[in-house]
Amino acid sequence: MAACNGLFVYHILGLASLVAVFYFSLLGEVDLRFPGLLPSSGASQHSHDASLPFVERRGAQLFLEGRPFYINGWNSYWLMDQAVEPASRHRVSDMFRAATGMGLTVCRTWAFNDGAYNALQLSPGHFDERVFRALDLVVVEARRHGVRLVLSLANNLEAYGGKTQYVRWAWDEGVGLTASNDSFFFDPAIRDYFKVYLKALLTRTNHLTGVQYKDDPTILAWELMNEPRCISDPSGNTLQRWIEEMAGYVKSIDRRHLLTVGTEGFYGPTSPPEKLSVNPGHWFNNYGLDFIRNSKISDIDFASVHLYPDTW
């Protein structure tokens, strides 16, 4: 395991189960508690949530109320989408109930859907309030079941819109530099689109709690993107600049939550030569990633690795 600033978090994403298990340590005092549940009817939701402690990073360790905090978690990317329609909404609470029954404490899920079915962002800066309310519900249900959330903010893949949708918006509006999907990372107009979305999400006031997302400790961390790649620049410089810019922007709005990149974890050009040979299988090409360099950015709090043992 290579050394870098921040924590190492492993997302084990099995192809069959879509389950991610997060490991921060195998030793030490374990605190999997989530103090308090939702207040009873009539209580002040805002003051209650405001008193819930944030998970904090001190050096290379997470803490909750002064005690080491360790995570056992999973991946359910679909929660917001399922919370939109009344007929499927129960699946959200069912999932949280099943997970907590197994002792799981953190869930990674999408906080984006760009231009697709049940889209959160219909066009740059324009949102469907119905879908935002569904995400509000996901946050509240997580809180009620004692689960903290890692919210992913974009997708490298086309599912749920992804960077392809941002590029298409810019191209359709006549402001895009190129139709390449990688222009998501270097086109100034598209970077501005993404910042508009980030600000709208981080400053969203949950209609059920009255608490802005940036002030809600139910959210453990933000993840900039699901598995970002910039194939057009194998040097890694384009993606590095994007991570630095977007991480700084997120932290300019919200310094209380943890932040991670969301990469698969491939070693890149600045890694020691012996590291390049351990990138799995035909993934020897780093696809514009540079795991250690990406993770050392000062505004990034912990690193993540995606493993697909069934295929790698």
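Cut-off values and rules
Residues numbered from 1 in each chain as written. Predicted model: local features only at pLDDT ≥ 70, side-chain atom pairs only at ≥ 80, totals over all residues. Heavy atoms only, no water. UniProt positions renumbered as here; feature names shortened; annotations may be inferred. Helix = DSSP H or I, 4+ residues; strand = E, 2+ residues; numbered from the N terminus. Buried < 20%, exposed > 50% of the residue type's maximum accessible area, 1.4 Å probe, protein only. Pairing = 2+ DSSP bridges. Salt bridge = Lys/Arg side-chain N within 4 Å of Asp/Glu carboxyl O. Expected span 1.5 Å × (residues − 1). Polar contact = N/O pair within 3.5 Å; in protein donor to acceptor, adjacent residues only side chain to side chain. Core = buried A, V, L, I, M, F, W, Y, C linked by side-chain atoms within 4.5 Å. Contact = heavy atoms within 4.5 Å. Axes fitted to C-alpha atoms, helices over the stretch in contact; angles between N-to-C directions. Parallel < 35°, antiparallel > 145°, perpendicular 65-115°, else oblique. Left-handed = near helix turned anticlockwise from the far one by under 90°. Nonpolar A, V, L, I, M, F, W, Y, C, P; charged D, E, K, R; others polar.

As annotated in an unreviewed UniProt entry, the protein carries the name mannan endo-1,4-beta-mannosidase and is attributed to Aegilops tauschii subsp. strangulata. What UniProt records for the protein under Catalytic activity (unreviewed entry) is the sentence "Random hydrolysis of (1->4)-beta-D-mannosidic linkages in mannans, galactomannans and glucomannans." Among the UniProt annotations of the protein, the heading Sequence similarities (unreviewed entry) holds the following wording: "Belongs to the glycosyl hydrolase 5 (cellulase A) family."

Of note in this structure, E65 is not a glycine but carries a positive phi near 55°. Checked against the element boundaries, E65 lands in the loop between strand 3 (61-64) and strand 4 (67-68). Phi is positive for Y160, which is not a glycine, with a value near 60°. Within the fold, Y160 resides in the loop between strand 9 (148-152) and helix 5 (162-172).

What follows is about the pairing of strand 9. Here is the key point about a regular strand: its side chains alternate between the two faces of the sheet. The element strand 9 is extensively covered by neighbouring structure, given that five of its five residues are classed as buried. Neither face of strand 9 is open: one carries R148, V150 and S152, the other L149 and L151, and all of them are buried. Across five bridges, the pairing between strand 6 (residues 106-110) and strand 9 is parallel. Its bridge partner being in strand 9, R108 is matched across the sheet by V150. Across four bridges, strand 9 lies against strand 10 (residues 219-223) in parallel orientation.

Looking now at the pattern of salt bridges. As enumerated under the stated definition, the model contains 17 salt bridges in all. Members of the salt-bridge network, linked through shared partners, are E129, R133, D136 and R204.

Now for the sheet that holds strand 2 (residues 56-58). In space, the three strands of this open sheet follow the order 2-3-4, with antiparallel pairing throughout. Across the chains shown, the open sheet's two edge strands, defined by having one partner strand only, are strand 2 and strand 4. As judged from the two bridges shared by strand 3 and strand 4, these two strands associate in the antiparallel manner. Within strand 4, the position partnered with L64 by the bridge is R67.

To continue, consider helix 4 (residues 129-144). With 16 residues, helix 4 ought to run about 22 Å at 1.5 Å a step, and its terminal C-alpha atoms sit 22 Å apart, in line with that. The buried count for helix 4 comes to 12 of 16 residues, which makes it a mostly enclosed element. For helix 4, every residue scored as buried is listed here: V131, F132, A134, L135, D136, L137, V138, V139, V140, E141, A142 and R143. The N-terminus of helix 4 is capped by D128, whose side-chain oxygen sits 2.9 Å from the backbone nitrogen of R130. After helix 4 finishes, the residue G146 shows a positive phi value of roughly 75°.

Counting 59 residues, the largest nonpolar core has F96, F194, Y197, L201, W222 and W242 as the members making the most contacts within it. With near-sequence residues (within four places) excluded, W222 lies in contact with L151, L153, L201, L202, Y213, V250, D254, H257, L258, L259 and T260. Judged by nonpolar contacts, the second largest core, of 11 residues, contains V55, L64, I71 and A221.

Okay, the packing of helix 7 (residues 188-202) against helix 8 (residues 237-253) next. When two helices pack together, you describe them by how their axes are tilted relative to each other and by the distance separating the axes. For the pair helix 7 and helix 8, interaxial distance at closest approach is 10 Å and the crossing angle is 30°. Judged on the interaxial angle alone, helix 8 and helix 7 are roughly parallel. Along this stretch, helix 7 crosses helix 8, giving a crossing that reads as right-handed. Mapping the contact onto sequence places R191, F194, K195, L198, K199 and L202 in helix 7 and W242, E245, M246, Y249, V250 and I253 in helix 8. A class-by-class count of the residues in the contact of helix 7 with helix 8 yields eight nonpolar, no polar and four charged.

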